[in-house]
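The residues making up each chain are set out below.
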Amino acid sequence: RGLARVLHQRLAERWAQAEPEALGLLYLDGHVRPYHGRKHSLPKHHVPQRNRPMPGTQDFHVNDARAEPLFVVTAEATEGLLTMMDDHLLPEIRRLVGSRRVTVVFDREGWSPERFARWKDEDFDVLTYRKGDQSRWQERFFSEVKDTVDGRKVTYQLAERRVKLSNGLRVREV
């Protein structure tokens, strides 16, 4: 009946209303879905499992803090994560969570200091990897942390510092 998108939107709305506390931290990720048919001519995307470009579509998933799916958007062409975040993912997240501040987590494909500054103004916090070569941190920055994770005692080294990005935005690096 052509109502799949409406069904998915209503499900996401129901989940967002049922457990709003799970939407404070959202993980965004893109996945290529290769197309093996001959009927349609689709753009090529890099398929990591095959280590080569193949025709297909790209799905962008948004998962909540418990890694449960919230919604998915299929890119119509070869849009990357940044374009999809600006045009589709962040507006839909904002619609679902309202005006409250949200942390979005994504991989290096979404690295953009200019967009980080804009998203900060739109009440989105960012958690991601730094892109490019990074210098090794000096040992003096690290401290030992003892904690309990899933009932097991663990010890790890943790460091944190403030850095200024290329556009002057100050961020916390952990």
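Scope of this entry: the structure provided in the associated data block. Small disclaimer: the values here were computed from a predicted structure and weren't measured.

## Examining the nonpolar core
Next, step 1: If you look at the biggest cluster of nonpolar residues, it comprises 29 residues, and the most contacted ones within it are L28, F71, M85, L89, I93 and V104.
Next, step 2: With nine residues, the top contributor of residues to this core is helix α2 (residues 81-97).
Next, step 3: For M85, the contacting residues outside a window of four places in its chain are L28, L90, P91, V104, F106 and W119.

## Examining the pattern of salt bridges
Next, step 1: In the structure shown here, the tally under the stated rule is 13 salt bridges.
Next, step 2: Note that E122 is salt-bridged to R118, the shortest N-O span being 3.9 Å.
Next, step 3: With a closest N to O distance of 2.9 Å, R172 and E160 form a salt bridge. Of this pair, R172 sits in strand β10 (residues 170-173) while E160 sits in the loop between β8 (152-159) and β9 (161-164), placing them twelve residues apart in sequence.
Next, step 4: Members of the salt-bridge network, linked through shared partners, are R10, E13, E92 and R95.

## Side note on a positive patch on the surface
Next, step 1: Positive charge collects at one region of the surface, where K120, R162, K164 and R170 lie side by side.
Next, step 2: Take K164: it is sitting in strand β9.
Next, step 3: Given a relative accessible area of 54%, K164 falls into the exposed group.

## A short note on helix α1 (residues 4-18)
Next, step 1: Its 15 residues give α1 an end-to-end C-alpha distance of 21 Å, which sits within 8% of 21 Å, the value for a rise of 1.5 Å per residue.
Next, step 2: Along α1, the positions that sit buried rather than exposed are A12, E13 and A16. Relative to the axis of α1, the buried residues are bounded by an arc of 100° and lie together on one face. Facing away from the buried side of α1, by more than 90 degrees, are the exposed residues A4, R14 and A18.

## Considering the packing of aromatic side chains
Next, step 1: Per the counting criterion, the structure on display carries six aromatic pairs.
Next, step 2: Geometrically, the ring pair formed by W111 and F116 is edge-to-face, given 5.1 Å between the ring centres and 90° between the ring planes. When sorted by exposure, W111 lands in the same class as F116, which is buried.
Next, step 3: Look at W137 and F141: their rings are 6.2 Å apart centre to centre, the planes differ by 75°, and that puts the pair in the edge-to-face class.

## Remarks on the packing of α2 against helix α3 (residues 113-121)
Next, step 1: Running from amino to carboxyl end, α2 crosses α3 at an angle of 15°, the nearest separation of the two axes being 11 Å. Here α2 is positioned roughly parallel relative to α3, judged by the angle of their axes. Here α2 runs over α3; the crossing is left-handed. Residues L82, M85, D86 and L90 of α2 lie in contact with α3, whose contacting residues are R115, R118 and W119.
Next, step 2: For the contact of α2 with α3, the per-class residue count stands at four nonpolar, no polar and three charged.

## Points about the packing of α1 against α2
Next, step 1: Between α1 and α2, whose axes approach to 9 Å, the crossing angle comes to 50°. The orientation of α1 with respect to α2, classified from their angle, is oblique. Seen along the crossing, α1 lies across α2 with a hand that is right-handed. Judged by residue contacts, Q9, A12, E13 and A16 of α1 engage E92, R95 and L96 from α2.
Next, step 2: Looking at the contact of α1 with α2 residue by residue, the classes come out as three nonpolar, one polar and three charged.

What counts as what
- Residues numbered from 1 in each chain as written.
- Predicted model: local features only at pLDDT ≥ 70, side-chain atom pairs only at ≥ 80, totals over all residues.
- Heavy atoms only, no water.
- Core = buried A, V, L, I, M, F, W, Y, C linked by side-chain atoms within 4.5 Å.
- Buried < 20%, exposed > 50% of the residue type's maximum accessible area, 1.4 Å probe, protein only.
- Helix = DSSP H or I, 4+ residues; strand = E, 2+ residues; numbered from the N terminus.
- Contact = heavy atoms within 4.5 Å.
- Salt bridge = Lys/Arg side-chain N within 4 Å of Asp/Glu carboxyl O.
- Patch = residues over 30% accessible without salt bridge, like charges linked within 9 Å, V, L, I, M, F, W, Y side chains within 5 Å.
- Areas by Shrake-Rupley, 256 points an atom, 1.4 Å probe, with all protein chains shown as cover.
- Lys, Arg positive; Asp, Glu negative; His and termini not counted.
- Charge placed at Lys NZ, Arg CZ, Asp CG, Glu CD.
- Expected span 1.5 Å × (residues − 1).
- Arc of directions from axis to C-beta.
- Phe/Tyr/Trp six-rings, centres within 6.5 Å; stacked < 30°, edge-to-face > 60°.
- Axes fitted to C-alpha atoms, helices over the stretch in contact; angles between N-to-C directions.
- Parallel < 35°, antiparallel > 145°, perpendicular 65-115°, else oblique.
- Left-handed = near helix turned anticlockwise from the far one by under 90°.
- Nonpolar A, V, L, I, M, F, W, Y, C, P; charged D, E, K, R; others polar.

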